[in-house]
Every structure is written in C-alpha cells, then in structure tokens.
Amino acid sequence: MDNKKLEELFLTVQKPGRYCGGEQGSVIKDKNKVDVRFAFCFPDTYEVGMSHLGMKILYSCFNEREDIWCERVFAPWIDFEKVMRENGIPLFALESRDPVKDFDFIGFTLQYEMSYTNVVNMLDLAGLPIKSSERNELNNIVVAGGPCACNAEPIADFIDIFFLGEGEEVDLQVIDLYKECKKNGLTKAQFLEKAAKIEGVYVPSLYEVSYKADGTVKAVNPKNGAPKTVKKRIITDMDKSYYPKEFVVPYIEIVHDRAVQEIYRGCIRGCRFCQAGFLYRPVREKSPDVISSQAKDLCLSTGYDEISLSSLSTSDYTKLEELLNNLLSWTDEEKVSLSLPSLRIDNFSPELLSKINHIRKSGLTFAPEAGTQRLRDVINKNITEKEILDTCRIAFAGGHTSVKLYFMLGLPTETDEDLKGIADLAQKIVDIYYAMPNRPKGRSVDVGVSVSTFVPKPFTPFQFEPQITREEIVRRQNYLRSCVTTKKVSLSWHDSSTSFLEGVFARGDRRLGAVIEAALKKGCIFDSWTECFNLDKWLEAFSECGIDPEFYSCRQREFDEVLPWDHLDYAVSKEFFIRQNKLAHEAKTTPNCRIACAACGANCYGEGVCFEKR
Amino acid sequence: MKNVRVFFSKKGRLRFVSHLDMNRFFTRVLRKSGLPIWYTEGFNPHPYLTFALPLSLGFESIYEVLDFRLIEDDFPLEEVKNKLSAVLPEYVEIIKVSEPVMKAGKITAAGFSLCFENEKAATEFAAFLATGNVVITKKTKKGDIKVEEVSEKIISVKRSNNEVCLVLPAGNDNLNPSLLVSAFNQKQGREYSVGYTRTALYGQSNLLFE
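Predicted, not measured: the structure shown is a model, and the values here were computed from it.

The rules we used
Residues numbered from 1 in each chain as written. Chains lettered and ligands numbered in written order. Predicted model: local features only at pLDDT ≥ 70, side-chain atom pairs only at ≥ 80, totals over all residues. Heavy atoms only, no water. Core = buried A, V, L, I, M, F, W, Y, C linked by side-chain atoms within 4.5 Å. Buried < 20%, exposed > 50% of the residue type's maximum accessible area, 1.4 Å probe, protein only. Helix = DSSP H or I, 4+ residues; strand = E, 2+ residues; numbered from the N terminus. Domains from an automatic or database assignment. Contact = heavy atoms within 4.5 Å. Polar contact = N/O pair within 3.5 Å; in protein donor to acceptor, adjacent residues only side chain to side chain. Axes fitted to C-alpha atoms, helices over the stretch in contact; angles between N-to-C directions. Left-handed = near helix turned anticlockwise from the far one by under 90°. Nonpolar A, V, L, I, M, F, W, Y, C, P; charged D, E, K, R; others polar. Expected span 1.5 Å × (residues − 1). Arc of directions from axis to C-beta. Salt bridge = Lys/Arg side-chain N within 4 Å of Asp/Glu carboxyl O. Pairing = 2+ DSSP bridges. Buried area = accessible area lost by both parts, 1.4 Å probe.

Visitor: In this structure, what is going on with the nonpolar core? I would like to understand it.
Guide: The tendency in soluble globular proteins is for nonpolar side chains to be buried as a group. Ranked by size, the top nonpolar core spans 127 residues in total, and within it F105(A), F108(A), L110(A), I161(A), F162(A) and F191(A) carry the most contacts. Broken down by element, this core gets its largest block of residues, seven residues, from helix α6 (residues 167-183) of chain A. The residues that make up this core include at least three from each of domain 1 (3-231) and domain 2 (235-360 + 572-614) of chain A. What F108(A) contacts, discounting residues up to four positions off in sequence, is C41(A), P43(A), V119(A), M122(A), L123(A), V142(A), V143(A), A144(A) and G145(A). By size, the runner-up hydrophobic cluster in this structure holds 37 residues, among which are F125(B), I136(B), V150(B) and A183(B).

Visitor: Just to check I follow, could you spell out the side chain of H567(A) for this structure?
Guide: Residue and element names in this part refer to chain A. Take H567: it is sitting in the loop between α19 (550-553) and β19 (568-569). Residue H567 is classed as buried on the basis of its relative accessible area, which comes to 5%. Among the polar contacts listed, one links the side chain of H567 to the side chain of Y202, at a separation of 2.9 Å. Leave out the neighbours within four places in its chain, and H567 touches E153, Y202, Y207, V220, K228, T229 and V230.

Visitor: Sorry, what's going on with the packing of helix α16 (residues 496-506) of chain A against helix α18 (residues 535-544) of chain A here?
Guide: Geometry of a packed helix pair, given as the angle between the helix axes and the separation of the axes. Residues and elements named next belong to chain A. Between α16 and α18, whose axes approach to 11 Å, the crossing angle comes to 30°. α18 is crossed by α16, and the crossing has left-handed handedness. Only L535, W538, L539 and F542 of α18 make contact with α16, whose side of the interface consists of S497, F500, L501, V504 and F505. Residues belonging to the contact of α16 with α18 are distributed by class as follows: eight nonpolar, one polar and no charged.

Visitor: Sorry, what's going on with helix α10 (residues 320-331) of chain A here?
Guide: One full turn of an α-helix is made of 3.6 residues, so residues set three or four places apart face in the same direction. Residue and element names in this part refer to chain A. Taking 1.5 Å of rise per residue, twelve residues should cover 16 Å, and α10 covers 16 Å from first to last C-alpha, within 8% of that figure. Here α10 has its buried residues at L320, L323, L324, L327, L328, W330 and T331. Down the axis of α10, the smallest arc covering the buried residues is 165°, so these residues share one side.

Visitor: Explain unusual backbone geometry here, please?
Guide: When glycine is set aside, most residues are seen to have a negative phi, and most peptide bonds are trans. Residues and elements named next belong to chain A. The peptide bond linking R281 to P282 adopts the cis configuration, its omega dihedral lying at -5°. Of note, P282 is situated in the loop between α8 (276-279) and β12 (284-285). In this structure, A571 is a non-glycine residue whose phi angle is positive, near 70°. The backbone of A587 shows a phi angle near 55°, a positive value even though the residue is not glycine. By the secondary structure assignment, A587 is in the segment after α20 (574-585). A587 gets classed as partly exposed once you look at its relative accessible area, which sits at 26%.

Visitor: How should the pattern of salt bridges be read in this particular structure?
Guide: Pairing between side chains becomes possible if they bear opposite charge and their charged atoms approach one another. All names here are of chain A. On inspection of all chains with the given rule, the structure shows 63 salt bridges over all chains. Across the salt bridge formed by R284 and E166, the nearest N and O atoms sit 2.8 Å from each other. Here E166 lies in the loop between β5 (161-163) and α6 and R284 lies in strand β12, a separation of 118 residues in the sequence. Each member of the pair, R284 as well as E166, is classed as buried.

Visitor: I tried to follow the sheet that holds strand β16 (residues 402-409) of chain A on my own but got confused; where do I start?
Guide: Strand pairing in a sheet is mediated by backbone hydrogen bonds. Such pairs are either parallel or antiparallel. Residue and element names in this part refer to chain A. On the basis of which strands lie adjacent, the open sheet formed by four strands has the order β15-β16-β17-β18 and parallel pairing. A strand with exactly one partner marks an edge of an open sheet, and here the two such strands are β15 (364-369) and β18 (489-493). Between one strand axis and the next, the sheet turns by 20° as a mean value, whatever way the strands run. Strand direction decides the pairing type here: strand β17 (residues 446-453) and β18, joined by five bridges, are parallel. By the bridge assignment, V447 is partnered in β18 with V489.

Visitor: Explain the sheet that holds β5(A) here, please?
Guide: Residue and element names in this part refer to chain A. The strand order β2-β1-β3-β4-β5-β6 describes an open sheet built from six strands, whose pairing is mixed. Each end of this open sheet is capped by a strand with a single partner; those strands are β2 (68-74) and β6 (201-202). In the sheet, β5 pairs with β6 via two bridges, with the strands oriented antiparallel. Looking across to β6, one finds that F163 is bridged to V201. Packing against the sheet, helix α3 (residues 53-63) makes contact with β1 (36-42) and β2, and its axis sits at approximately 155° to β2. Packing against the sheet, helix α5 (residues 116-125) makes contact with β1, β2, β3 (105-109) and β4 (141-145), and its axis sits at approximately 160° to β3.

Visitor: Honestly, the interface of chain B and chain A in this entry has me stumped. Any pointers?
Guide: By convention, interface size is frequently given as the accessible area that disappears when the constituent parts associate. In this assembly, 19 residues from chain B lie in contact with 30 residues from chain A. It is R13(B), F16(B) and R28(B) that lose the most area in chain B upon contact with chain A, and together they represent 34% of the buried surface on that side. In this assembly, chain B and chain A are joined by two salt bridges. Counting across the chain B and chain A interface gives 14 residue pairs in polar contact (both at pLDDT 80 or more). Considering only residue class, the side of chain B that touches chain A consists of nine nonpolar, three polar and seven charged.

Visitor: I tried to follow the domain arrangement of chain A on my own but got confused; where do I start?
Guide: All names here are of chain A. Under the domain assignment used here, chain A contains domain 1 (3-231) and domain 2 (235-360 + 572-614). Between domain 1 and domain 2, the C-alpha centre-to-centre distance is 28 Å. The interface is formed by 27 residues belonging to domain 1 together with 27 residues belonging to domain 2. Taken together, the links from domain 1 to domain 2 amount to three salt bridges. The tally of links from domain 1 across to domain 2 stands at eleven residue pairs in polar contact (both at pLDDT 80 or more). Contributing elements (two or more residues each) for the side of domain 1 that touches domain 2: α2 (46-49), α3 and α6. Grouping the amino acids of the side of domain 1 that touches domain 2 by side-chain chemistry returns nine nonpolar, eight polar and ten charged.

Written out as structure tokens, the structure reads:
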C-alpha cells in the first residue's frame with residue numbers, strides 16, 4: 001500500500017492516531033532478516049487493546065528473539081473499516097503497515113465472548129478465508145489464546161490452534177516447531193499434528209464432536225494422535241518469568257493510560273461465579289523487590305507518571321506492606337503515583353487506607369456482589385455485612401463522600417428478598433454517613449450501585465446453572481429499581497441483551513460458528529459496544545441457523561452431561577466443581593486457599609500457594 | 001527557576017497526533033529526559049508546559065514552540081537540546097533551545113507551505129487566492145455555519161514549482177489554510193491532495209516569533 005495515500009485516508013476518519021503507529025517503544029525490524037512474522041491481533045479498538053497487559057508481555061517477549069518480529073493489529077473502527085473496504089486496503093499491522101496476509105502467524109487474544117464477530121471480521125478484512133479448513137498452506141497460521149480459549153468451541157471453525165493457559169513458553173515452542181516444519185517442507189496438516197503433541201496446544205480440527213438426539217454433546221474424540229485432553233500451561237516461577245522493561249506508549253489517550261505492574265497470578269478466594277478465579281490457579285506471587293525494580297524500570301523507560309499494580313485481588317498479596325514501603329521509597333522522588341485496584345473489603349485496614357490516601361485520593365469501589373448474607377454464602381464471597389459497613393465507616397471518616405458498590409443480578413438461588421437486600425445495604429451505608437458526628441458540612445453522600453447480570457461461565461461451580469431469561473432479567477431490574485427510595489443511591493446496570501448473548505457464547509459449542517458467520521453477514525461487529533450491538537440481527541441469525549439460543553444459556557445441565565469443554569483441562573477438576581455446586585445450593589462456604597486446601601487439583605504443577613505453610 | 005523555549009519540528013507519523021495528545025506526549029518526554037524540570041505544586045505535580053500555538057491535525061511543522069521551566073537557573077541550554085534529542089522519536093527534531101523573547105499571546109501570523117500534486121494545481125490555487133473572491137465556509141463553535149470572504153486577510157502568497165507559501169493571520173484571529181483549499185476544491189469541483197507544513201510563527205510587525 002502506498003503510504004501517502006494511506007495517510008491521506010487516515011485524515012478522513014476519527015482518531016487517526018489509532019492507525020498511524022510509530023509510537024515510542026514500538027519495535028521495527030528488517031523483515032528480510034527475521035524467520036517468523038507474528039501479527040498480534042486484538043479484536044477491539046486500539047484504545048482497548050493497547051490497555052491490555054497480556055499483549056504487552058507477549059509483544060516484548062516475542063520481539064526479544066532476533067528471529068521473530070511481532071507487530072500489533074487492532075480492529076479498525078467502523079468508519080475506517082468502511083474506508084479500507086472502499087479503497088481495497090487489507091488489514092495491516094501498525095509497525096510495518098504490511099498486510100496481515102504476509103504474516104506467518106496471526107494471533108488473537110480472546111478476552112470476552114462479545115469480540116468473536118470482530119475476530120472473524122478481521123480475518124475477512126485481511127483477505128483470508130475465514131475457515132481453518134479453507135486455509136491449507138503452511139502459512140497464515142491463525143492462533144488464539146486468552147481466557148475465552150477455555151471454551152472457544154463457538155469459534156473453533158475459524159482458528160487453527162488455541163493456546164491454553166499462559167503463553168510465554170508454549171507460544172515460542174509452537175513458533176520453533178513452525179520454523180522447523182517450514183524448513184523441512186512439511187504441510188500445514190503435518191505441522192498441526194505435531195503441534196497438538198505440545199502441552200497447552202489445542203488443535204480443534206483434530207477433535208470430532210458428536211451430539212445426542214437432545215442436542216447435548218455425546219462425545220469429543222481426538223484423531224491423528226492428538227491427546228484425549230489438553231492441559232493448560234502455566235509459568236511456575238514468577239520471579240524468573242519474562243516481564244517487559246518497556247511498553248509501547250501510545251500517542252492518543254487509551255483506556256488504561258499508565259504503567260502496569262503484575263504482582264501475582266491466580267486468586268485464593270474461589271468465588272463461585274468467577275471464572276478468572278479458577279482459570280488462573282494456582283496463586284503464584286512475585287517477590288516485592290522484583291516487583292519494585294520492574295515497576296521502576298517501566299516508569300523510567302516509558303515516562304509514565306502513574307503505575308497500577310495488577311492482580312485479581314491486590315490486598316491478598318502476602319507482602320503488601322513490604323511492597324508498598326518498597327515502592328513508596330522511590331515513587332515520591334520520581335513523582336510517580338501508585339494506584340491499587342481490586343482491593344477487598346475484609347482485609348482493608350486503616351493503615352492501608354492511609355497509605356492510599358497518601359498516594360492519591362480517588363474513588364472507593366467495593367464488590368459485595370450480592371445483597372444478603374445467604375446469597376453471599378452461596379457464591380462463596382466470604383464477606384460479611386459488618387465488614388462492608390465498617391469499611392465504609394473508615395472510608396467516610398477518612399474524608400471520602402462517595403463509594404461505589406458492585407453487585408450481580410440473577411445469581412443461582414436469587415430471590416426478590418436478595419434484590420431488596422441490595423437496596424437495604426445501600427441505604428445502611430447512607431445512614432452510616434449521616435450518623436457521623438463530624439461529617440463534612442453541606443456535603444451529601446453518594447452511594448453508587450452498579451448491577452451487572454450474572455453469566456454462568458465454564459470452569460466454575462456454576463457452569464451447570466441456567467442463566468435467567470431476558471424477560472426475568474428485566475423484571476428483576478425493575479423490581480430492584482422500585483426498592484431504591486433515596487436519591488443518595490444511584491443505580492446503574494448492564495444491558496440485559498448483551499449479558500444474554502454472552503451467556504449463549506460462554507457455554508456454546510461448535511454449532512454456534514454458523515451463527516457467528518450469519519450475524520457477521522448481517523453487519524454485527526463490535527458487539528460489546530452499545531452503539532453497535534443489535535440483538536434483533538442476532539436473533540435473526542439464530543433462527544436462520546435453526547438454533548435456539550436459550551438451549552445454551554437458560555438450560556440446567558446435569559452433572560454427568562458431557563460439556564463442550566470437558567476435553568480441556570485447566571487443572572481444576574470437574575469433581576471439584578460438582579462438590580462446590582452442591583455446597584452452593586446448601587449456602588455453605590469454602591475457606592480460601594491460604595486457610596485450607598479445597599482439593600481443586602491445581603497442586604499438580606508442584607508450585608504456588610498449594611505449597612505454602614498454613 | 002529558568003524559562004526555556006524549545007523550537008522543534010513535527011513530522012511523519014506524528015502529524016496524526018492532536019494538540020492535546022502532544023501535551024501528554026511531551027510530559028512523558030520531559031520526565032524521561034532526566035532534565036531538572038520544575039513541577040507544579042498541587043495535588044498532582046506535573047511539568048508546566050505551554051505550546052505557543054496549536055497545530056491542526058494532519059499538518060507537519062518545522063516551527064513548533066514549547067515553553068517549560070527548569071529548577072536550575074544556570075542549566076546549559078545546549079544540554080537541554082542534547083537530553084531531549086536523546087529521548088525523542090525520529091519524527092521530532094529539536095531545532096533550537098533558547099530563553100523566551102516574545103510572549104506567546106503576541107503571535108499575529110503563521111507561515112505555511114502547501115505542497116500540491118503538481119505545478120499546475122499550485123499555480124491555479126495561487127491565482128484563485130488573487131481573484132478577490134475567496135469565500136470560505138466554516139463551522140463556529142456553536143455549530144453555526146459562517147460564510148466569509150477572506151482575501152483581505154491573506155498576508156502573502158508565493159508560489160514556486162508545486163509549492164505555495166502563505167502567511168496567514170494566527171493567534172487571536174486565525175485563518176486555517178485548509179479552509180482556503182476547501183474553497184478552491186469547491187470552485188474547481190474536485191479534491192486536491194495537499195500536504196501542509198507550518199514553516200514559521202510571527203509576532204508583532206511580522207517579526208519572526210522568538
């Protein structure tokens with residue numbers, strides 16, 4: 001593509017900074033001097049994709065290797081896609097501006113189900129046949145990883161290889177195998193068969209799925225020597241794992257525009273609705289000095305003045321006090337501010353609050369997830385009402401006048417009583433504020449209540465549960481709204497139809513591939529963006545394919561049903577999920593990994609929290 | 001405390017970066033440079049940056065002006081140039097570092113070079129500007145459409161080969177050269193491909209802004 005013409009077209013669309021490339025930290029290599037070109041694709045906008053830590057880690061990790069050049073690709077926004085199609089511009093990588101079609105690997109990260117149409121659309125925009133079975137050369141290998149790879153059956157027809165678990169090691173092994181196969185003149189089919197033998201590599205075309213008369217899966221049978229189950233990969237020693245010294249620093253403002261420092265992987269909690277809490281087991285921490293020195297390097301190389309600690313639950317880091325002291329020893333001098341997302345209510349000490357206050361006064365957010373103790377016990381969110389109220393009291397005393405609370409609607413066993421509990425809890429927090437003798441005069445309190453709709457996910461104890469219907473979601477939302485009687489409580493929620501579709505794809509099977517293709521033909525892309533999402537088109541697509549979406553979202557699954565993801569092994573056993581599901585229905589909690597081992601199976605790697613002294 | 005004025009060029013891929021984003025970009029560049037920058041003393045300390053005049057998205061420039069402050073009075077200006085150059089991408093070149101002479105508010109005009117696809121287009125454009133009937137249409141901040149004849153406002157026009165050099169009012173009363181090209185396009189009934197470069201800023205009595 002002629003650069004001059006392309007750049008003129010940039011100026012005809014919104015935010016050309018999304019497409020221009022050339023950012024500080026972006027890697028330019030000589031394409032004639034590398035063996036493998038890898039197009040790392042994020043199936044959403046530049047601003048969303050550039051905020052994603054996994055992409056930053058793998059981008060740098062691949063580019064460390066002299067024989068690999070990894071470049072970035074994002075989904076062009078609707079205006080630029082139109083311009084590209086009109087002018088015959090194929091999807092291109094930001095660094096070289098070469099067409100994605102020139103690349104050996106085209107890798108997607110699957111962060112949420114609602115990005116599936118974008119994945120397929122990007123393949124189409126690249127000028128490639130969208131189906132794996134129609135791409136026969138040992139070239140343009142389409143790979144995908146990320147959390148949704150745990151059940152990516154709905155897009156299995158389009159992808160050649162899924163990477164299960166953490167990619168730092170397994171991705172490079174597959175790239176090496178590709179080089180070797182290429183050198184020896186092997187075919188794509190031969191390459192895929194060899195790749196399937198590497199742990200963590202799932203080649204969907206090597207598995208045949210058969211169905212029962214009732215529509216459920218009968219069996220998933222491997223062929224051509226592929227293993228019966230594919231086990232996820234993890235990095236066992238976090239201190240020695242690769243971490244970038246540099247980030248690509250965007251010119252335009254992105255969603256999370258700051259340095260990000262990972263502190264540990266996994267989560268000890270075992271909240272029964274949370275997929276991340278099971279997918280990333282076992283918990284593996286980095287040590288405080290490694291974290292502090294990596295964070296400092298990043299701030300100095302990027303010029304960012306803010307660093308955020310990343311993990312699923314920051315306050316569960318065992319050496320948080322030591323880490324904060326360590327970080328605060330240089331952040332002040334370097335004029336870097338620290339942000340600590342994902343704090344839990346139950347171990348939120350006044351000391352911690354004063355440290356955060358020292359850093360920067362920002363909003364306080366907590367996630368009680370459910371309105372009554374009974375339902376919090378069902379979901380194993382081990383937080384009491386007293387803890388929630390005490391924390392708010394501490395926060396108000398510390399000068400905060402607003403808190404934000406996250407809840408879920410439609411959790412298993414939820415009744416109207418539980419919904420009323422959400423409004424009651426918010427009211428109690430308002431009352432605490434007005435009961436404070438020394439509250440700031442003339443300042444009102446704002447309790448934000450954000451309610452999302454529960455979506456049952458694979459690899460959680462709730463993977464067997466039905467999702468409530470769209471009509472019921474709306475009824476419960478209306479009921480909850482009627483329970484809130486004060487303006488001090490502001491209620492907001494997610495759109496019910498997006499959650500419904502997410503529920504369908506989260507636990508879908510391969511037959512949904514046809515629906516994705518049909519919906520894309522009708523123009524469904526950027527489904528996670530409210531201004532683009534169109535449920536009617538999706539429902540048309542389902543009906544054209546003769547598929548009832550509620551079969552996937554609203555159906556109770558028996559414990560002995562073969563689930564579409566049963567041949568994938570995330571080191572947490574199905575027996576464990578069944579045990580946990582039964583406990584949920586008895587409203588019985590399970591202590592976290594540090595208090596007692598619940599025998600989930602994640603100790604098989606011989607590392608992590610499973611081997612800490614209790 | 002010492003005020004420093006940096007003159008730089010902005011080219012290539014950086015012309016897709018807006019004025020607001022340039023501010024964030026230079027904040028990070030200054031942090032990385034290791035210069036003894038003076039920070040504001042509020043809750044969120046940040047370097048105090050002033051750009052003399054915003055540049056339109058899509059324009060290149062060889063005369064951008066940025067002011068900031070150093071905490072050391074006798075810090076050598078040559079060192080400022082070296083330290084900034086070391087951390088800047090290829091799209092920015094530091095042309096000169098000095099102490100401010102004029103105030104940014106005193107800017108009255110700006111010079112532009114418009115590069116046309118060929119000499120014929122450039123000649124026709126220059127002729128169009130001399131017709132005495134150059135009617136531009138622009139959207140005001142309120143969203144109204146304003147139509148205006150601007151021949152009087154054009155300070156100078158010079159053409160050589162396929163390039164037209166203009167001096168236009170800037171600062172308080174701005175005239176964006178792309179509006180002139182739009183008017184020309186409309187008259188000719190086609191879209192010309194033009195590359196814009198800002199070449200200079202002028203203060204009172206048309207003295208070069210320094």
